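# Coordinate inspection notes
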Amino acid sequence: MFGLDAFVGWSTAFLGPSLGQGEFDALPDHRAGLEIADDGPDALAPDPILKGGEWIGYVTSASRGFRIGKNLALGYVRRGSLEMGQDCLFRTLGIDRRARRHHTGVYDPENSRLTS
């Protein structure tokens, strides 16, 4: 669903769920959130995301999450190349920085604050 899979309830009934899931599975890139593990220059779009020295994706944006006190980045990675919780690198201004994949909704991943 072009990076909007978090907003689709695949278990609920809607028109054409099998078509939607098939299109979702066929997408080459997957939206990924990264928690930046060390200090250094901020990530810039389109910095490469690397795993094992291989290019697996690119950064689209980065910022400091003031409510959670962490540096975060969003990007796209090849489907299946970086699982949740796995470490990776991104290269910004020629410097490799460590990061770990996390859920893109760090502050309220289950939207419980929205519905409370």
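Use the structure listed above.
Residues numbered from 1 in each chain as written. Predicted model: local features only at pLDDT ≥ 70, side-chain atom pairs only at ≥ 80, totals over all residues. Heavy atoms only, no water.

Before going further, it helps to examine the overall build of the protein. Per the secondary structure count, the protein includes 2 helices and 6 strands. Counting from the amino terminus, the protein carries its helices and strands in the arrangement α-β-β-β-β-β-β-α. Residues classed as buried in the protein amount to 29% of the 116 residues present. Contacts spanning at least 24 positions in sequence make up 57% of the contacts within the protein whose residues lie at least 6 apart. Accessible surface, the protein as shown: approximately 7400 Å² in total, 56% of it carbon and sulfur. (Helix = DSSP H or I, 4+ residues; strand = E, 2+ residues; numbered from the N terminus. Buried < 20%, exposed > 50% of the residue type's maximum accessible area, 1.4 Å probe, protein only. Contact = heavy atoms within 4.5 Å. Areas by Shrake-Rupley, 256 points an atom, 1.4 Å probe, with all protein chains shown as cover.)

Let us look at the pairing of strand S6 (residues 95-102). Side chains on a regular strand alternate between the two faces of the sheet. Bridging between strand S1 (residues 29-36) and S6 involves 4 bridges; their strand directions are antiparallel. Pairing of Glu-35 across the sheet is with Arg-100, part of S6. With 6 bridges joining them, strand S5 (residues 87-92) and S6 adopt antiparallel strand pairing. Counterpart to Arg-91 in the pairing with S6 is Asp-96. Following S5, the chain reverses through 2 residues before pairing antiparallel with S6; Leu-93 in that reversal takes a positive phi of roughly 50°. (Pairing = 2+ DSSP bridges.)

Once that is clear, we can look at unusual backbone geometry. Looking along the chain, the bond that leaves Ala-45 and enters Pro-46 is cis, with omega of 0°. Assignment of secondary structure puts Pro-46 in the loop between S1 and strand S2 (48-51). In this structure, Leu-93 is a non-glycine residue whose phi angle is positive, near 50°. Looking at the element boundaries, Leu-93 is found in the loop between S5 and S6.

On to the nonpolar core, then. Counting residues in hydrophobic clusters, the biggest one holds 13 residues, and the most contacted among them are Leu-34, Ile-49, Val-59, Val-77, Leu-82, Cys-88 and Phe-90. Mapped by element, the contributors of at least two residues to this core are S1, strand S3 (54-65), strand S4 (70-78) and S5. When residues in this core are grouped by element, the largest group, 3 residues, is from S1. In this view, Leu-82 contacts Leu-34, Lys-51, Ile-56, Val-77, Asp-87, Cys-88 and Arg-101; residues no more than four positions away in its chain are not counted. (Core = buried A, V, L, I, M, F, W, Y, C linked by side-chain atoms within 4.5 Å.)

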